[in-house]
Amino acid sequence: MAVRELTSAPSLATLYPKALLRRGGGSTLPSTELVRPEVVVDPAHVAAYNEVCGFRFSDELPATYPHMLVFGLQMALMTEPGFPFPLLGLVHVENRITQHRPLLLGETFRVSVRAENLRPHEKGSQFDMISEAHSGGDLVWSEVSTYLRRTGAGSSSGPRTQLTPPTPSALWHVPGDIGRRYAEVSGDRNPIHLHPLTARLFGFPKAIAHGMWTKAHALASFEGRLPDAFSVAVRFKQPVLLPGRAAFTTWQTDDGWAFELWHARKPKPHLDGVVSAL
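Here is a short report on the structure shown in this document.

Conventions and cut-offs
- Residues numbered from 1 in each chain as written.
- Predicted model: local features only at pLDDT ≥ 70, side-chain atom pairs only at ≥ 80, totals over all residues.
- Heavy atoms only, no water.
- Pairing = 2+ DSSP bridges.
- Helix = DSSP H or I, 4+ residues; strand = E, 2+ residues; numbered from the N terminus.
- Axes fitted to C-alpha atoms, helices over the stretch in contact; angles between N-to-C directions.
- Contact = heavy atoms within 4.5 Å.
- Core = buried A, V, L, I, M, F, W, Y, C linked by side-chain atoms within 4.5 Å.
- Buried < 20%, exposed > 50% of the residue type's maximum accessible area, 1.4 Å probe, protein only.
- Phe/Tyr/Trp six-rings, centres within 6.5 Å; stacked < 30°, edge-to-face > 60°.
- Polar contact = N/O pair within 3.5 Å; in protein donor to acceptor, adjacent residues only side chain to side chain.
- Patch = residues over 30% accessible without salt bridge, like charges linked within 9 Å, V, L, I, M, F, W, Y side chains within 5 Å.
- Areas by Shrake-Rupley, 256 points an atom, 1.4 Å probe, with all protein chains shown as cover.
- Salt bridge = Lys/Arg side-chain N within 4 Å of Asp/Glu carboxyl O.

Here we look at the sheet that holds strand 2 (residues 32-40)
Item 1. The eleven strands are arranged 1-2-4-5-6-3-8-11-10-9-7 in an open sheet whose pairing can be described as mixed. Single-partner strands in this sheet number two, and they are strand 1 (2-5) and strand 7 (170-174). The sheet shows a mean angle of 20° between the axes of neighbouring strands, direction not considered.
Item 2. Alignment of strand 10 (residues 256-263) against strand 11 (residues 269-277), held across seven bridges, turns out to be antiparallel. Bridge pairing in strand 11 links F259 to G273.
Item 3. Running over the sheet, helix 3 (residues 66-78) touches strand 2, strand 4 (108-121), strand 5 (124-135) and strand 6 (138-150) and is turned about 50° from strand 4.

Quick word on the nonpolar core
Nonpolar side chains in soluble globular proteins generally cluster together in the buried interior.
Item 1. Of all hydrophobic cores here, the largest spans 71 residues; its most connected members are Y49, F127, Y182, W213 and F259.
Item 2. No other element matches the nine residues that helix 3 contributes to this core.

Some details on unusual backbone geometry
Item 1. Omega for the bond connecting L242 with P243 falls within 30 degrees of zero, at -10°, which places this linkage in the cis form.
Item 2. Even without a glycine there, the phi angle at N117 is positive, about 60°.
Item 3. By secondary structure assignment, the location of N117 is in strand 4.

Regarding the packing of aromatic side chains
Item 1. Summed over all chains, the structure comprises eleven aromatic pairs.
Item 2. Both rings, one in F85 and one in F127, keep their centres 5.7 Å apart while their planes meet at 15°; by these two values the pair is stacked. Here F127 lies in strand 5 and F85 lies in the loop between helix 3 and strand 3 (91-99), a separation of 42 residues in the sequence.
Item 3. Of the residues examined, F85 reaches a relative accessible area of 11% and is grouped as buried.
Item 4. Taking relative accessible area as the criterion, F127 reaches 0% and is therefore assigned buried.
Item 5. What links up through ring pairs into an aromatic cluster is the set W172, W213, F222, F248, W257 and F259.

So, the environment of L201
Item 1. Here L201 lies in the loop between helix 5 (196-200) and helix 6 (211-220).
Item 2. With a relative accessible area of 69%, L201 lands in the exposed category.
Item 3. Taking the C-alpha atoms as reference points, L201 and P191, ten residues apart in sequence, are found 8.6 Å from one another.

So, the pairing of strand 9 (residues 244-253)
Item 1. Sheet analysis places strand 7 next to strand 9, joined by five bridges and oriented antiparallel. Opposite H173, over in strand 9, you have R245 as the bridge partner.
Item 2. Inspection of the sheet shows strand 9 paired to strand 10 by eight bridges, in the antiparallel sense. Counted as the bridge partner of Q252 is W257 from strand 10.
Item 3. Connecting strand 9 to the next strand, strand 10, in antiparallel fashion are two residues.

So, helix 4 (residues 178-186)
Item 1. Of all the positions in helix 4, only I178, G179, Y182, A183, V185 and S186 are classed as buried.
Item 2. Buried-residue contacts for helix 4 involve helix 1 (12-21), helix 2 (43-53), helix 3, strand 7 and helix 6.
Item 3. G187, located one to two residues past helix 4, shows a positive phi value of around 80°.

Quick notes on the side chain of N95
Item 1. For N95, the position within the fold is in strand 3.
Item 2. With a relative accessible area of 1%, N95 lands in the buried category.
Item 3. Within the structure, the side chain of N95 is placed 2.9 Å from the side chain of S145, a separation counted as a polar contact.

Thoughts on a nonpolar patch on the surface
Item 1. Residues L20, L21, L201 and F202 make up a contiguous nonpolar surface patch of roughly 460 Å² in combined accessible area.
Item 2. Here F202 is to be found in the loop between helix 5 and helix 6.

Structural notes on the pattern of salt bridges
Item 1. For the structure shown, the criterion picks out eleven salt bridges.
Item 2. The partner of E107 in a salt bridge is R101, with the nearest N and O atoms 2.7 Å apart.
Item 3. Overall, the relative accessible area of 13% leaves E107 in the buried class.
Item 4. Between R181 and D177 there is a salt bridge whose closest N-O contact spans 4.0 Å.
Item 5. Its relative accessible area of 33% is what places R181 among the partly exposed residues.
Item 6. Bridged by salt links that share partners, the residues E33, R114, E116 and E132 form one connected network.

In short, the description is geometric, and any link to function would need to be established separately.
Take a look at the structure:
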């Protein structure tokens, strides 16, 4: 795999217009790893991220924060000429983050992104974006984001089962501007998150919350109970329409916790996840 180093973060302001124009091309994932060799976290940016996502202010980075450091690299890789799928229209279906030890303000990280494991799915094709952060030569954080490119309706295994939401542990009141606020700190200005009018252009009745905001907000509820080394994995299901209310449920497992997010009034699941100690 060819490694290409970038001395600065990719410009998301130029990548989104590029993404709007791309239609995809090729049939294989690029054999390129994008790397930023020296990344230092901005404390003011971490503070803004913590406020939007619901984390406490601390010298330790939330486990979801390094996604901010690799998101631009992911965008850059997925908008390269040979990438097989257009970026807009990809569905983020799963995300797993592994923290090998607490990450601290003041550290210098080497971050990298590559695409792997292109495979068929009953509704199209799936692939993984693999992101890593190293410090002092050690792998301290990694993320696997799984994306789906729909090309068909898929098959049905039978009648749909009536879902029954669990008893909620908390009720989220998700404000209508959370998409714009998270976009401001993350740089993820996908039009589906910003305004009802732009969301309708892509088939949504309203703007929807970022999946990585819902994951981060869920993880914030476990602060003070997380071990130094753990993984947190989620499956994204139906989007959270903005503004909205959602029912959040947690329970303990043998090695951590499980959690689910549902629509507050309908049997409509938004995500499920697990936190597991390493």
